[in-house]
Amino acid sequence: VQLVESGGGLVQAGGSLRLSCAASGRTLSSYAMAWFRQAPGKEREFVAAINWNGGLTHYADSVQGRFTISRDNAKNTVYLQMNSLKPEDTAVYYCAADRQYGLALTLHGMDFWGEGTLVTVSS
């Protein structure tokens, strides 16, 4: 599976962005998907996860209520809607896929990674 993120950019605090993660090479419908992020000088961290059919989601406390993960298996795409952005949300955002039907919450269990898209939130 090849994953390509898009939708990153520069936004002011309080603004919104929607990230997309498009997959090719294999259908995503049998994969749990997740978003992670890595800020400069920090370790990569979990942001949000969604199970294979979108029925289950989970969020990091830091983004709960502001971010929404969703997926469209017909389009082989996963999304991360980010609202009320804060400067501390600045990071490279990565999508990842794990072949399982539950929720994929940890870095080390992911089977495939995208190259990332940069999100910069100015104050």
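That block above? That's the structure.
Because the structure is a prediction, the values reported are computed rather than measured. (Residues numbered from 1 in each chain as written. Predicted model: local features only at pLDDT ≥ 70, side-chain atom pairs only at ≥ 80, totals over all residues. Heavy atoms only, no water.)

*Asks:* A description of the state of the cysteines should follow, citing residues and the corresponding values.
*Replies:* The final tally for this structure, using the stated rule, is one disulfide. Bridging Cys21 to Cys95, the disulfide has an S-S length of 1.9 Å. Judged by the torsion about the S-S bond (55°), the Cys21/Cys95 disulfide is right-handed. Taken as a pair, Cys21 in strand 3 (residues 17-24) and Cys95 in strand 9 (residues 91-98) lie far apart in primary sequence, 74 residues in all. Residue Cys95 is classed as buried on the basis of its relative accessible area, which comes to 1%. (Disulfide = S-S within 2.5 Å. Helix = DSSP H or I, 4+ residues; strand = E, 2+ residues; numbered from the N terminus. Buried < 20%, exposed > 50% of the residue type's maximum accessible area, 1.4 Å probe, protein only.)

*Asks:* How would you sum up the sheet that holds strand 8 (residues 77-82)? Please name residues and give values.
*Replies:* Sheets are built from strands paired through backbone hydrogen bonds, the pairs being either parallel or antiparallel. An order of 1-3-8-7 is seen for the four strands of this open sheet, with the pairing classed as antiparallel. Edge positions in the sheet fall to strand 1 (2-6) and strand 7 (67-72), since each of these pairs with one other strand and no more. Looking at each pair of strands side by side, their axes are set apart by 15° on average, direction ignored. As paired elements, strand 7 and strand 8 share six bridges and run antiparallel to each other. The residue of strand 8 that forms the bridge with Ser70 is Tyr79. (Pairing = 2+ DSSP bridges. Axes fitted to C-alpha atoms, helices over the stretch in contact; angles between N-to-C directions.)

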